[in-house]
Amino acid sequence: MTTTSIERVSSGPAGIKLVARIALYLVLGLIGLFFLMPLLWMFSTAFKPFVETLQPTWIPQEPTLENFTNIFNDTSIPVLRWFLNSLGVAVAFTMLVVLLDSLAAYAYARMVFPGRDLLFGLLLATLVMPGIMFVVPNYITIARIGWLNTYQGVIAPGLSGVFGVFFLRQFFQSIPRELEEAAYIDGATVWTTFFRVSLPLARGAIATLAIITFLTSWNDFLWPLLILNDRNLQTLPVGLATIQGQYTFDYGKLMAGAVVTAAPVLILYIFLQRFIIQNVAMTGLKG
Amino acid sequence: MATSQPARAQSAVATNTGLRRRFNWTPYLFILPHLIFFSAFLAYPFFYGIYISLFDFDFLRPEYRPFVGLKNYANLLFNRDSIQFSDFWHAVGNTGWFLIYSVPPLVILALLLAVLLNGKYPARNLFRGLYFAPYALSVTVAAVLWRWLFEQGGLIDTYWQRLGLQSVSWLGTQPWAWIAITLCTIWWTIGFNTVIFLAALQDIPDSLYEAAAIDGAGTFQQFSYITIPLLRPVLVFVSTITLIASANLFGQSYIMTGTQSRVIGTESIIQRIYDEGIAQNRMGSAAAMSIFLAAVLLILTTLNFRVFGRSEQQ
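Conventions we followed
- The numbers attached to residues start from 1 for each chain and follow its sequence in the written order.
- Think of it this way: whatever chain is written first is A, whatever ligand is written first is 1, and the rest follow in order.
- At least 70 in pLDDT is required for a residue's local features to be given in this predicted model, at least 80 for side-chain atom pairs to be given and counted, and no such filter applies to totals for whole chains, interfaces and linings, which use all residues.
- Under the scheme used here, helices are H or I runs from DSSP no shorter than 4 residues and strands are E runs no shorter than 2 residues, and both carry numbers assigned from the N terminus.
- Throughout, radius of gyration means the C-alpha value; the globule benchmark is 2.2 Å times the number of residues raised to the power 0.38.
- Using C-beta atoms placed from the backbone, we call a residue buried if 20 or more other C-beta atoms fall within 10 Å of its own, exposed if 12 or fewer do, and partly exposed for counts in between.
- C-beta atoms are placed from the backbone for every residue, and two residues are taken to be in contact when these atoms lie within 7 Å.
- Amino acids outside the nonpolar list (Ala, Val, Leu, Ile, Met, Phe, Trp, Tyr, Cys, Pro) and the charged list (Asp, Glu, Lys, Arg) are all regarded as polar, and Gly is one of them.
- All axes are obtained by fitting lines to C-alpha atoms, using only the stretch in contact for helices, and the reported angles, taken between N-to-C directions, cover 0 to 180 degrees.
- Orientation is classified from the angle alone, with under 35 degrees giving roughly parallel, over 145 giving roughly antiparallel, 65 to 115 giving roughly perpendicular, and any other angle giving oblique.
- Crossing handedness: left-handed means the near helix sits turned counterclockwise from the far one by under a right angle, and right-handed means the same turn made clockwise.
- Working definition: the nonpolar core is a set of buried Ala, Val, Leu, Ile, Met, Phe, Trp, Tyr and Cys residues, joined through C-beta atoms within 7 Å.
- Domain borders in the structure are assigned automatically or taken from a domain database.

Trainee: Would you mind going over the overall build of chain A in detail, with residue names and values included?
Mentor: A count of helical and extended segments in chain A gives 14 helices and zero strands. Order of helices (α) and strands (β) in chain A, N terminus to C terminus: α-α-α-α-α-α-α-α-α-α-α-α-α-α. A globule of 287 residues ought to have a C-alpha radius of gyration of about 19 Å, yet chain A, at 25 Å, is considerably larger. Along the longest, intermediate and shortest principal axes, the C-alpha atoms of chain A span 70 × 70 × 35 Å. Within chain A, the proportion of its 287 residues that are buried is 41%. A separation of at least 24 residues holds for 69% of the contacts in chain A among residues at least 6 apart in sequence.

Set out below in structure tokens:
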């Protein structure tokens, strides 16, 4: 692929263009190394036996899976359990966010009812409020209702978020009304119209929200750190942070844990890269 | 106001069944599930946070919870030499340093990266994807990884010594600890700012650059007279969200400098609030600290938009 591109460039007006392009690729490549090398070092360390980890070699001389088998078998660091906790929390949270936010967004977008603009204004106002304001009082609320060390304690406060409501509301407003009107003429109720007509039309926007929500939940650190003290209930980012004190100089195991935490999102990212970046740019500019 | 479609449908159903038209509850049923959580975890804690900041509030001692009025705020502002509150002001100073270290590169380098990526050449999306990739990771992965890179005897230390330079306790001394935390933060998050700049750059019409080129403007002139002025709103937006994100520093310093944070001088405000409120159970003063930080951030955000958002018209 690169050869064809260079050929195409060299067929351009001047040789200067070729030099400029090679310089550009050199710069881009060097910057790329800054982003790539830490990740490669993470994988490299994870597959090294303990004695090799302190040597600055990039390719393990005797590659091994022992770091992975160790962390999966060590009952004091239940990495597999953490993985399942993270997965369960992220999937449940994402499904609930999509359900709650699409229902609310549809009403705010398409229905007229007393108090709508006031309520929506209140939602808007919380967007500018720094999240730290809510951490201590929400912690007390969760402790009061006995949800410390529970998954619902991790999930529930995040369901209050208003980003998804805004995001989907904008999308619902862009759907032509005629499509819904046709359903009403056929005798469909509001609920049928929502679930059979509007929601399927919004599946692109919902997929976007779901991916962003899943990534955010999978990577969340501060809140689950506060709520989950029981080692068996922790999510991967929290568990990984707590074992790093324990394995200060056993970085092979620590990097194996990092690989387990990073792998699912990296795989998701590789497949959905273009989609994720475009949507981050879009939602970032709007948010 | 026109009757909404669903409302009309609902009333049609009502007349069909012979009922008189009455108050339509359907919209409320749609918003209710979200509104319950919104009320419990955003609206209520807004007021409850202010309320507990007026008490000497220890969650584990419900029998002793005296009302102290504004004392928590007064202590914060005027009792800076006490052990409890001097730690807070150290954390404010530390976070200030992090803002100075991290915000300029996160904005300026992101803009330069976006300019590099804003061309039509093969494999452009490959580089964009690579630069953005770390942003998809958890802060724990980023911080544990960079801690390992900067550890004594780690990769960076080894290459540093090979250059014949004296070994440094990267994560134990200043300014190295901030440099390490800043590099980790740049690696982890700069892709986000880059992608936002890139989207804004792609909205600038090529014709403007072509016209400038015909008038003899060089690349640098085009950048300073076309790109920067047209990007001003996005620059203000990106610098504001970067400022807020950096002021909320937690995971990187918590993981990379750990229990030594306070000694080294990398304990951030959020770490302090976490320690004060959750570890030490002094939730009244922790709530006051949170509200103080939130107020400062709101003021800074507003100022940023007012000053830089409008100077164009002056």
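Trainee: Report on the interface of chain A and chain B, specifying residues and quantitative values.
Mentor: Listed as interface residues are 80 residues of chain A and, on the opposing side, 81 residues of chain B. Tallying contributions element by element places helix H14 (residues 251-286) of chain A first for the side of chain A that touches chain B, with 16 residues. Class assignment for the residues of the side of chain A that touches chain B results in 59 nonpolar, 14 polar and seven charged.

Trainee: Explain the packing of helix H4 (residues 79-110) of chain A against helix H2 (residues 26-52) of chain B residue by residue, including any values.
Mentor: At a closest axis distance of 8 Å, the pairing of H4 of chain A and H2 of chain B adopts a crossing angle of 130 degrees. As summarised for this structure, H4 of chain A and H2 of chain B are arranged oblique, according to the angle between their axes. The way H4 of chain A lies across H2 of chain B gives a crossing that is left-handed. Contacts between H4 of chain A and H2 of chain B involve Leu100, Asp101, Leu103, Ala104, Tyr106, Ala107 and Tyr108 of chain A on the former and, on the latter, Pro27, Phe30, Ile31, Pro33, His34 and Phe37 of chain B.

Trainee: Lay out the environment of phenylalanine 220 of chain B with the relevant residues and their values.
Mentor: Residue and element names in this part refer to chain B. Position of phenylalanine 220 among the secondary structure elements: in helix H10 (residues 219-247). We classify phenylalanine 220 as exposed; it has 8 C-beta atoms within 10 Å. Residues phenylalanine 220 and alanine 287, 67 residues apart in the sequence, show an inter-C-alpha distance of 49 Å.

Trainee: Describe the nonpolar core, and please don't skip the residues or the numbers.
Mentor: Membership of the largest hydrophobic core comes to 157 residues, with the highest contact counts inside it found for Ala258 of chain A together with Ala142, Trp146, Ala180 and Cys184 of chain B. Looking at this core, the element that brings in the most residues is helix H8 (residues 176-202) of chain B, giving 16 residues. Two domains share this core, each providing at least three of its residues, namely domain 1 (2-67) and domain 2 (70-286) of chain A. With sequence-adjacent residues up to four places away left out, cysteine 184 of chain B is seen in contact with Ala142, Ala143, Trp146, Gln252 and Met256 of chain B.

Trainee: I'd like to hear about helix H13 (residues 236-246) of chain A, residue by residue, with values.
Mentor: Counted residue by residue, H13 of chain A has eight buried out of 11 residues, so it is predominantly covered. All of the buried residues along H13 of chain A are Leu236, Pro237, Val238, Gly239, Leu240, Ala241, Ile243 and Gln244 of chain A.

Trainee: Talk me through the domain arrangement of chain A; I want residue IDs and the actual numbers.
Mentor: Residues and elements named next belong to chain A. Along its sequence, chain A is organised into domain 1 (2-67) and domain 2 (70-286). Taking only C-alpha atoms into account, the centre of domain 1 sits 34 Å from that of domain 2. Taken together, the nine residues of domain 1 in the interface contact 10 residues of domain 2. Elements with a minimum of two residues in the side of domain 1 that touches domain 2: helix H2 (15-46) and helix H3 (66-73). Counting residues per element, the side of domain 1 that touches domain 2 draws most heavily on H2, at four residues. Of the residues that constitute the side of domain 1 that touches domain 2, the class distribution is four nonpolar, three polar and two charged.

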